[in-house]
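Topology and contacts: notes
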Amino acid sequence: GAGVSQTPSNKVTEKGKYVELRCDPISGHTALYWYRQSLGQGPEFLIYFQGTGAADDSGLPNDRFFAVRPEGSVSTLKIQRTERGDSAVYLCASSLFREETQYFGPGTRLLVL
Amino acid sequence: QKEVEQDPGPLSVPEGAIVSLNCTYSNSAFQYFMWYRQYSRKGPELLMYTYSSGNKEDGRFTAQVDKSSKYISLFIRDSQPSDSATYLCAMGNNFNKFYFGSGTKLNVKP
């Protein structure tokens, strides 16, 4: 079946703008994760959803970052007032249940000019 | 100090060599240990998962966890050019939140 998909694959924006990044998890997966991967680094945890609720948002760097998953499937990561330091690959992963293998999407490459 | 330390490489080996990749960590509460492979411009792909200490083998891959030393390893036997990728270790004390190493770039030369 289809894997995790993320759109857009690339996003270029200007400093101060608002962006939304979308994640479509594998159908039926209840757990969804967002990570951020800077160049030459490993993924850094941002937030974890179990169903519709954010079970752990301790990795969100500040209040400019927000994520939703209103129907327990698709999730959107929202970044307000983007800064150049937000430039990174934003990865989404999903798993069938909480303690199961996480399957990663290809990521959205965000560049803030 | 980072939670997880991993030598970034790059590591270059001839085809057929045995590859050893390693990570150290500082949090003794970590119980879940994973190795991911990441090809350029792709998301990470899970290779091996180990719970607590011990060894686990899957085909050409062997994962080892030494909790007393806070040290984990991944061995790749009979390495192939298709193994050329970045290898990421990841670990945590629950499945909510994993801490990743920075990745080791491996190049297997034909």
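This text gives an overview of the structure that appears in the document. All chains use their own residue numbering, which begins from 1 and follows the written sequence. Chains carry letters and ligands carry numbers; both start at the beginning, A for chains and 1 for ligands, and go up in the order they are written. Since the coordinates come from a predicted model, pLDDT governs what is reported: local features require at least 70, and pairs of side-chain atoms require 80 or more to be given and counted, while whole-chain, interface and lining totals use all residues. Hydrogens and waters are ignored; side-chain quantities use all the structure's heavy atoms.

Turning next to the overall build of chain B. Of the regular secondary structure elements, chain B holds zero helices and eleven strands. Numbered from the N terminus, helices here are DSSP runs of H or I no shorter than four residues, and strands are runs of E no shorter than two. Tracing chain B from N to C terminus, the helices and strands come up as β-β-β-β-β-β-β-β-β-β-β. In this treatment the radius of gyration is a C-alpha quantity, and the globule benchmark scales as 2.2 Å times the residue count to the 0.38 power. The C-alpha atoms of chain B give a radius of gyration of 13 Å, which matches the 13 Å a tight globule of 110 residues would have. The principal-axis extent of the C-alpha atoms belonging to chain B is close to 40 × 25 × 20 Å.

Pairing of aromatic rings covers Phe, Tyr and the six-membered ring of Trp, with a centre-to-centre limit of 6.5 Å; geometry is then stacked below 30 degrees between planes, edge-to-face above 60, and tilted otherwise. For the coordinates displayed, the defined rule picks out twelve aromatic pairs over all chains. Arranged with centres 4.9 Å apart and planes meeting at 20°, the rings of A:Tyr33 and A:Tyr48 form a pair that is stacked. Separated by 15 residues along the polypeptide, A:Tyr33 in strand E4 (residues 31–37) and A:Tyr48 in strand E5 (residues 44–50) bring together distant segments of the chain. You'll find A:Tyr33 and A:Tyr48 in the same group, each marked buried. Centroid distance A:Phe104 to B:Phe100: 6.3 Å. Interplanar angle 85°. Geometry classified as edge-to-face. Here A:Phe104 is found in strand E10 (residues 103–104), whereas its partner B:Phe100 is found in strand E10 (residues 99–100) on a different chain. Partly exposed describes any residue whose relative accessible area lies between the buried limit of under 20% and the exposed limit of over 50%, with all areas from a 1.4 Å probe on protein chains only and scaled to the type maximum.

Okay, the interface of chain A and chain B next. Chain A puts 22 residues into the contact, and the matching count from chain B is 18 residues. Summed over both partners, the accessible surface that disappears when two parts come together, traced with a 1.4 Å probe, is what is meant by buried area. Buried area between chain A and chain B, summed over both chains or domains, comes out near 1,600 Å², and the portion from carbon and sulfur atoms is 51%. Together, A:Pro43, A:Phe104 and A:Arg109 form the three largest contributors to the area buried by chain A at its contact with chain B, with a combined 25%. Here, a salt bridge means any side-chain nitrogen of Lys or Arg that lies within 4 Å of a carboxyl oxygen of Asp or Glu. Summed over the shared surface of chain A and chain B, the result is zero salt bridges. We call two N or O atoms a polar contact when they sit within 3.5 Å, provided that within protein one can donate a hydrogen and the other can accept it, with sequence-adjacent residues counted only if both atoms are side-chain atoms. Where chain A touches chain B, the interface holds four residue pairs in polar contact (both at pLDDT 80 or more). Going through the elements one at a time, E4 and E5 of chain A are the ones with two or more residues in the side of chain A that touches chain B. Of the residues forming the side of chain A that touches chain B, the biggest block, three residues, is contributed by E4(A). Broken down by class, the residue content of the side of chain A that touches chain B amounts to eight nonpolar, nine polar and five charged. Here, two residues are considered to be in contact whenever any of their heavy atoms come within 4.5 Å of each other. Any residue outside Ala, Val, Leu, Ile, Met, Phe, Trp, Tyr, Cys, Pro, Asp, Glu, Lys and Arg is labelled polar, Gly included; the first ten of those are nonpolar and the last four are charged.

With that out of the way, let us pick up the sheet that holds strand E8 (residues 75–79) of chain A. Residue and element names in this part refer to chain A. On the basis of which strands lie adjacent, the open sheet formed by four strands has the order E1-E3-E8-E7 and antiparallel pairing. Bordering the open sheet on either side are strand E1 (5–7) and strand E7 (65–68), each of which pairs with just one other strand. Looking at each pair of strands side by side, their axes are set apart by 15° on average, direction ignored. The pairing of strand E3 (residues 19–24) with E8 spans five bridges and is classified as antiparallel. Following the sheet pairing, Arg22 is matched in E8 by Thr76. Whether two strands pair comes down to DSSP finding at least two bridges between them. Note on geometry: axes are lines fitted to C-alpha atoms, helical ones only across the stretch in contact, with angles between N-to-C directions running from 0 to 180 degrees.

Turning our attention to the pattern of salt bridges. All names here are of chain A. Scanning the model with the defined rule gives seven salt bridges over all chains in all. Across the pair Arg36 and Glu44 runs a salt bridge, and its minimum N-O distance is 3.9 Å. The salt bridge involving Arg64 is made with Asp86; its shortest N-O contact spans 2.8 Å. Placement of Arg64 in the loop between strand E6 (53–56) and E7 and of Asp86 in the loop between E8 and strand E9 (88–95) is noted, with a sequence separation of 22 residues between them. On the basis of relative accessibility, which here comes to 3%, the residue Asp86 falls in the buried class. Members of the salt-bridge network, linked through shared partners, are Arg64, Glu83 and Asp86.

Turning our eyes to something else, we now look at the side chain of B:Thr104. Residue and element names in this part refer to chain B. Looking at the element boundaries, Thr104 is found in strand E11 (residues 104–109). A distance of 2.4 Å separates the side chain of Thr104 from the backbone oxygen of Asp7, its partner in a polar contact. In contact with Thr104, not counting residues within four places along its chain, are Gln6, Asp7, Pro8, Gly9, Leu11, Leu21, Ala85, Thr86 and Tyr87.

This part is about the nonpolar core. For the purposes of this section, nonpolar cores are sets of buried Ala, Val, Leu, Ile, Met, Phe, Trp, Tyr and Cys residues that join through side-chain atoms within 4.5 Å. Membership of the largest hydrophobic core comes to 24 residues, with the highest contact counts inside it found for B:Trp35, B:Ile72, B:Leu74, B:Ile76, B:Tyr87 and B:Met91. With residues up to four places along the chain from it excluded, the contact list for B:Leu74 reads B:Val19, B:Ser20, B:Leu21, B:Trp35, B:Leu47, B:Met48, B:Phe61, B:Thr62, B:Ala63 and B:Tyr87. Within the second largest apolar cluster, 20 residues are counted, among which are A:Cys23, A:Leu46, A:Phe49 and A:Ala88.

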